[in-house]
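Inside the fold
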Amino acid sequence: MHYVNIAALPLFEHRWPEGEFRFFQLGFVVPDLMAAASAWVQVFDVGPFHIMPRAQNTCRYRGTDASIDIQIGIAQAGPVQIELIHDYTQGNSVFTEMARLHGGRPFGLHQVSTLTRDYDAKVAHYLDQNLELACEMPNPGQRVAFVDTVEEFGFFTEIVEEKPSFQTNLAKIARTCETWDGTDPIRILTRDGYRVPDDRNSN
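What comes next is a walk through the structure. Bear in mind the structure is a predicted one, so any value in this text is a computation, not a measurement.

Criteria and cut-off values
Numbers given to residues run from 1 along each chain, matching the order in which its sequence is written. Predicted model: local features are reported for residues with pLDDT of at least 70 only, side-chain atom pairs are reported and counted for 80 or more only, and whole-chain, interface and lining totals are derived from all residues. Excluded from the side-chain calculations are hydrogens and water; all other atoms, namely the structure's heavy atoms, are used. We count a stretch as a helix when DSSP gives it H or I for four or more residues in a row; a strand needs E for two or more, and each element gets its number in order from the N terminus. Three labels apply to residues, based on accessible area from a 1.4 Å probe with only protein chains included: buried if under 20% of the type maximum, exposed if over 50%, partly exposed otherwise in between. Think of it this way: DSSP has to see at least two bridges between two strands before they count as a pair. Residues enter a nonpolar core if they are buried and are Ala, Val, Leu, Ile, Met, Phe, Trp, Tyr or Cys, with the set joined through side-chain atoms within 4.5 Å. Only centres within 6.5 Å qualify two rings of Phe, Tyr or Trp (six-membered ring in Trp) as a pair; their planes then separate them into stacked at under 30 degrees, edge-to-face at over 60, and tilted for everything else. Two thresholds decide whether a charge sits over a ring: the Lys NZ or Arg CZ must be within 6 Å of the ring centre and within 35 degrees of the ring normal.

**What about the environment of I186?**
Turning to its location among the elements, I186 is positioned in strand β10 (residues 186-190). Here the alpha-carbon distance between I186 and P197, two residues 11 residues apart in the chain, equals 7.0 Å.

Structure (structure tokens):
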């Protein structure tokens, strides 16, 4: 048996399980995206946060056709990505269930996320353990699913289908965060690059 010298690793970090069970992201639902990103920068020195355009997607939510309306901001924090999610969805969604997760408080840790090369097999793996597929976005460009692991672990498990373009974007953001010098901690992405928030209009 091979043993890892844990004490020799930075902050006693242990390697994630290899392959399909490696988590790459922690996702948090937040009441105010810009304020939450600013707080992460100030309190934890994590940044810069990349604010994506607000997006609407169709989904299958607990057996019913539905849609979600969210805006996210992401930054890399060492080996894990931090995703902040502002939910604008009208009606029930996997994100509006936050109150169930946190005793009435509609924000907090929502999901851990993993990438998979075999999306169908990964979803089947969780369903075989009598876990419910709470939400699925069957976009042919990249499928995403949320498995309800709330009762067992206190959060959802997000399954993201591996796609080269997605991973390229992840790597680009990770490099930006690794070399960040503290300038422009909140970056609202545009076609030409990014702009910084305007206090009069942060969205």
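Moving on from the coordinates now.
**Points about unusual backbone geometry**
Where the residue is not glycine, phi is negative for most of them; where a peptide bond is considered, it is trans in most cases. A cis geometry characterises the amide bond from G47 onward to P48, with omega recorded as -5°. Of note, P48 is situated in the loop between α1 (33-44) and β2 (49-51).

**Some points on the pairing of strand β8 (residues 144-148)**
Within β8, 5 of the 5 residues are buried, which leaves it mostly tucked inside the rest of the structure. Neither face of β8 is exposed, since V144, F146 and D148 on one face and A145 and V147 on the opposite face are all buried. Of the strand pairs in this sheet, strand β7 (residues 132-137) and β8 are connected by 5 bridges, and their pairing is antiparallel. Note on β8: the bridge partner recorded for E132 is D148. In sequence, β7 turns back onto β8 through a hairpin of 6 residues. Across 4 bridges, the pairing between β8 and strand β9 (residues 156-161) is antiparallel.

**Re the environment of M137**
Positionally, M137 belongs in strand β7. For M137, a relative accessible area of 12% translates into the label buried.

**Considerations on the nonpolar core**
Most often, soluble globular proteins keep nonpolar side chains buried together rather than apart. In this structure, F49, L84, V94, F95 and F146 are the most contacted members of the largest nonpolar core, which totals 38 residues. Among the elements that line this core, the one with the most residues is α1, at 6 residues. Ranked by size, the runner-up nonpolar core spans 7 residues in total, among them V123, Y126, V147 and I159.

**Structural notes on the pairing of strand β1 (residues 23-29)**
Counting buried residues in β1 gives 5 out of 7 residues, a clear majority hidden from the surface. By the bridge criterion, 6 bridges tie β1 to strand β6 (residues 108-116) in an arrangement that is antiparallel. The residue of β6 that forms the bridge with F23 is T114. In the sheet, β1 pairs with strand β5 (residues 80-87) via 5 bridges, with the strands oriented parallel. If you follow V29 over to β5, its bridge partner there is I85.

**Some remarks on the packing of aromatic side chains**
In this structure the tally under the stated criterion is 5 aromatic pairs. Measuring from centroid to centroid gives 5.5 Å for F28 and W40, while their planes differ by 55°, and the two rings are tilted. Placement of F28 in strand β1 and of W40 in helix α1 is noted, with a sequence separation of 12 residues between them. Taken individually, F28 and W40 each receive the classification buried, so the pair is uniform in this respect. Ring centres of F153 and F155 lie 5.9 Å apart, and the angle between their planes is 20°; this geometry places the pair in the stacked category. Relative accessible area serves as the criterion here: at 17%, F155 is assigned to the buried category. Following the ring pairs from residue to residue traces out a cluster consisting of F28, W40 and F44. Stacked on the ring of Y88, the Lys or Arg R54 has its end atom at 3.8 Å from the ring centre.

Purely geometric numbers; function is a separate question.
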